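# Remarks on the overall topology
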Amino acid sequence: PFIKVVVGVYMGKRDFVDRVDSVDPVDGVVIIDPEALQGRKVFVTLSCTFRYGRDDMDVMGIAFRRELYLSTRQVYPPLQDREKGVHTRVQAKLLRKLGDNAYPFFFEFPDNLPCSVALQPAAHDVGKQCAVEFEIQAFSAESQDAKIRKRSMVKLMLRKVQYAPEGEGVAPSVETTRDFVMSDKPLHVKASLDKEIYYHGETIKVHVNVKNDSNKNIKNIILSVDQVSTVVLYSNDAYVKAVAIEEQGDSVAPGGTLDKVYKLLPLLANNRERRGIALDGKLKHEDTNLASSSIIKEGVLKEVMGIMVSYRVMVKLIVGGSVTCLEVGLEVPFKLMHPKPDAGELSFSVFKKCSNDLFNELCRTVFSAGLQNNLSM
């Protein structure tokens with residue numbers, strides 16, 4: 001039987017870009033059926049939730065989730081003229097197509113929210129994963145604080161993403177000198193990268209220079225790309241996972257030198273079975289990649305909660321002695337991100353979504369959801 005849709009939500013996109021100094025606003029349109037509402041109001045909520053445990057793991061009524069941000073707008077009955085609520089061209093196009101029963105909504109992100117990121121679960125884990133999630137929820141109710149019936153609301157997952165900033169930046173380089181007991185001269189090690197920012201799927205070239213003036217033997221050189229996930233909630237907990245390793249068995253004798261370029265390729269494809277690897281947030285069953293580096297606006301770092309991700313190249317030299325071995329290590333920080341999409345292509349994509357026939361192409365290309373029958377398209 002046909003179930004009448006009370007409210008529909010239309011959005012031109014679900015990825016919103018964080019440019020550090022500003023974030024894309026969240027805009028869309030709600031279409032309603034005044035008769036089916038039967039006097040109830042319609043609200044739209046934007047939320048950012050940090051989920052750090054499954055829903056069925058609640059202890060003493062305390063859920064393993066925390067709302068990092070929550071903002072609600074009443075869209076019907078409108079609190080201002082419909083034209084004053086239009087902030088973007090996408091909204092204007094949708095309103096023209098959807099007619100008089102469509103109403104715009106608009107949210108702006110605060111600057112202290114993390115991006116969408118999730119920790120990869122183990123194969124046997126069930127339920128929702130530990131993640132920072134963004135969501136638009138539309139619902140009808142007598143008031144904003146009234147209990148919401150499940151059949152009277154719908155949710156759309158969003159993503160807050162960052163792209164690589166423009167400019168090359170300074171190529172990172174780190175060096176150290178180590179003195180040893182019973183050795184007149186030291187060991188000098190230098191490691192450098194050819195640039196600061198690498199794109200997902202790009203090979204990282206690490207230039208290692210070793211000058212071993214000591215009387216110690218360098219037995220092995222091990223390189224790795226470490227992903228550092230800092231989980232910020234009640235305290236700062238850092239989880240370090242090596243997502244790429246290179247070990248060729250190189251050695252450097254006393255008085256010898258080594259000048260070599262090593263190659264590392266951090267990919268999710270090589271880490272899919274590992275629990276706790278940080279991933280970029282995804283929508284439904286889309287594929288994803290290793291989490292991008294987090295770039296935080298200066299001055300708000302202490303306020304940011306959730307999951308923040310950084311990367312470093314670790315260079316370890318295994319120094320052999322007559323009795324024991326010791327390590328000499330270097331940490332070279334870098335950023336792993338996606339390139340910024342072409343603005344022209346992005347604009348054309350959004351325009352195309354808004355210029356097709358409403359009930360044929362629009363419902364397939366513009367994300368929409370219907371309330372009361374819990375329909376999500």
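Everything discussed here concerns the structure shown above.
Basis of the calculations
Numbering of residues starts from 1 in every chain and runs along the sequence as written. In keeping with the model being predicted, local features are shown solely for residues with a pLDDT of at least 70 and side-chain atom pairs are shown and tallied solely at 80 or more, while totals for entire chains, interfaces and linings include all residues. Note: side-chain values were computed over all heavy atoms of the structure, leaving out hydrogens and water. Pairs of strands are assigned from DSSP output, requiring at least two bridges between the strands. Secondary structure elements follow DSSP: runs of H or I no shorter than four residues count as helices, runs of E no shorter than two count as strands, and numbering proceeds from the N terminus. Geometry is summarised by axes, namely lines fitted to C-alpha atoms with helices restricted to the contacting stretch, and by angles between N-to-C directions that run from 0 to 180 degrees. Salt-bridge detection follows one rule: a side-chain nitrogen of Lys or Arg within 4 Å of a carboxyl oxygen of Asp or Glu. Each residue is assigned to one of three classes by its accessible area relative to the maximum for its type, calculated with a 1.4 Å probe on protein chains only: buried under 20%, partly exposed between the two thresholds, exposed over 50%. Throughout, nonpolar core names a set of buried Ala, Val, Leu, Ile, Met, Phe, Trp, Tyr and Cys residues whose side chains join them through atoms within 4.5 Å. All the domain ranges listed were derived from an automatic or database domain assignment. Whether two residues touch is decided by their heavy atoms; if any such pair falls within 4.5 Å, the residues are in contact. Only Phe, Tyr and Trp rings are paired, with Trp represented by its six-membered ring, and only when their centres lie within 6.5 Å; those with planes under 30 degrees apart are stacked, over 60 edge-to-face, the remainder tilted.

Strand order in the open sheet made by the 4 strands is β10-β11-β13-β16, with antiparallel pairing throughout. Each edge of the sheet is formed by a strand with only one pairing partner; in this case those strands are β10 (173-178) and β16 (257-264). In this sheet, adjacent strand axes meet at a mean angle of 15 degrees when their direction is disregarded.

Evaluated as defined, the whole model comprises 14 salt bridges. For K160, the salt bridge goes to D18, with nearest N and O atoms at 2.7 Å. On the criterion of sequence distance, the pair formed by K160 in strand β9 (residues 153-161) and D18 in the loop between β2 (15-17) and β3 (26-32) is long-range, its members being 142 residues apart. When sorted by exposure, K160 lands in the same class as D18, which is buried. For K335, the salt bridge is made with E196, and the minimal N-O distance between the two is 3.0 Å. A residue pair is termed long-range when its members are at least 10 positions apart, and K335 in strand β19 (residues 325-337) and E196 in the loop between β11 (187-193) and β12 (197-199) qualify at 139 residues. What makes K335 partly exposed here is its relative accessible area of 24%. Linked through salt bridges whose partners overlap, the residues forming this network are K13, R19 and D24.

Here we take up the nonpolar core. Most often, soluble globular proteins keep nonpolar side chains buried together rather than apart. Counting 73 residues, the largest nonpolar core has V313 and V315 as the members making the most contacts within it. In terms of residue count, strand β18 (residues 306-320) provides more of this core than any other element does, 7 residues in total. Per-domain counts for this core show at least three residues from each of domain 1 (7-162 + 347-373) and domain 2 (177-337). In contact with V315, not counting residues within four places along its chain, are A191, V206, V208, I221, I222, L223, V328, G329 and L330. In terms of nonpolar packing, the next biggest core, distinct from the first, is built from 7 residues, Y10, V90, L98 and A102 among them.

Considering all chains together, one arrives at 6 aromatic pairs under this definition. Both rings, one in Y76 and one in Y103, keep their centres 5.5 Å apart while their planes meet at 50 degrees; by these two values the pair is tilted. A residue pair is termed long-range when its members are at least 10 positions apart, and Y76 in strand β5 (residues 65-76) and Y103 in strand β6 (residues 102-107) qualify at 27 residues. The pair formed by Y76 and Y103 is uniform in burial state, with each residue classed as buried. Judged by centre distance (5.9 Å) and plane angle (90 degrees), the ring pair of Y198 and F334 falls under edge-to-face. Taken together, the positions of Y198 in strand β12 and F334 in strand β19 put the pair 136 residues apart, joining distant regions of the chain. This pair shows no difference in class: Y198 is buried, exactly as F334 is.

Our next topic: unusual backbone geometry. Looking along the chain, the bond that leaves Y76 and enters P77 is cis, with omega of -5 degrees. Here P77 lies in the loop between β5 and α2 (89-98). The phi dihedral of M182 falls on the positive side, at around 70 degrees, and the residue is not glycine. Secondary-structure assignment places M182 in the loop between β10 and β11.

Let's shift gears to the sheet that holds β19. Hydrogen bonds along the backbone pair up the strands of a sheet, which may run parallel or antiparallel. Read across the open sheet, the 5 strands follow the order β12-β19-β18-β14-β15; overall the sheet is mixed. Edge positions in the sheet fall to β12 and β15 (236-247), since each of these pairs with one other strand and no more. In this sheet, adjacent strand axes meet at a mean angle of 40 degrees when their direction is disregarded. Two strands pair when backbone bridges link them, and β12 and β19 are joined in this way by 3 bridges, in the parallel orientation. Bridging across to β19, Y199 finds its partner in M337.

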